[in-house]
Amino acid sequence: MEISGIITAIVIGIVIGILGRLVLPGRQHIGILWTIAVGIVAALIGTAIAGAADVADTKGIDWIEIIIQVALAAVGVAGLERLKGRR
């Protein structure tokens, strides 16, 4: 992976993390850095899942891949909030 790919993954991860956070109702009590981290991980895992399901490379915007990534980010943000909320 080249540096441009890493930068792209970070930018997409930020967007995916924020979208995943917006999907959840109510206020989340985690920081923006955690949201970004969850978004990056969700974007990478979502891309892998979409690739395995053979829906990653379509003509135009890969809506299914984006939906998978946002759903994973929402699950990640909710899970992290529960873990941090127990303290």
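Quantities reported herein were computed from a predicted structural model and do not represent experimental measurements.

What counts and what doesn't
Residues numbered from 1 in each chain as written. Predicted model: local features only at pLDDT ≥ 70, side-chain atom pairs only at ≥ 80, totals over all residues. Heavy atoms only, no water. Helix = DSSP H or I, 4+ residues; strand = E, 2+ residues; numbered from the N terminus. Rg over C-alpha atoms; globule rule 2.2 N^0.38 Å. Core = buried A, V, L, I, M, F, W, Y, C linked by side-chain atoms within 4.5 Å. Buried < 20%, exposed > 50% of the residue type's maximum accessible area, 1.4 Å probe, protein only. Contact = heavy atoms within 4.5 Å. Expected span 1.5 Å × (residues − 1). Arc of directions from axis to C-beta.

Visitor: I'm lost on the overall build of the protein chain in this one. Help?
Guide: Counting secondary structure elements, the protein chain contains three helices and zero strands. Along its sequence from the N terminus, the protein chain presents helices and strands in the succession α-α-α. Against the compact-globule benchmark of 12 Å for 87 residues, the protein chain has a radius of gyration of 13 Å, which places it among compact chains. The C-alpha extent of the protein chain, read off along each of the three principal axes, is 45 × 25 × 20 Å.

Visitor: In this structure, what is going on with the nonpolar core? I would like to understand it.
Guide: A general tendency of soluble globular proteins is for nonpolar side chains to be buried together. Of all hydrophobic cores here, the largest spans six residues; its members are L24, I30, V38, A74, V77 and L80. At three residues, the largest contribution of residues to this core is made by helix α3 (residues 63–85). Beyond its immediate sequence surroundings of up to four residues, I30 is in contact with R21, T35, V77, L80, E81 and K84. Counting five residues, the second largest nonpolar core, distinct from the first, contains I16, A42, A43 and A73.

Visitor: Even after reading the chapter, I still don't get helix α2 (residues 32–52), so can you show me in this structure?
Guide: Note on helix geometry: an α-helix contains 3.6 residues per turn, so any two residues three or four positions apart are oriented the same way. Between its terminal C-alpha atoms α2 stretches 30 Å, which fits the 30 Å expected from 21 residues at 1.5 Å a residue. Taken together, the buried positions of α2 are occupied by T35, V38, G39, A42, A43, G46 and A50. The buried residues of α2 occupy an angular sector of 145° when projected down its axis, which confines them to one face. Away from its buried face, by an angle of more than 90 degrees, α2 presents the exposed residues L33, A48 and A52. One or two residues past the end of α2 sits D54, with phi positive at roughly 65°.

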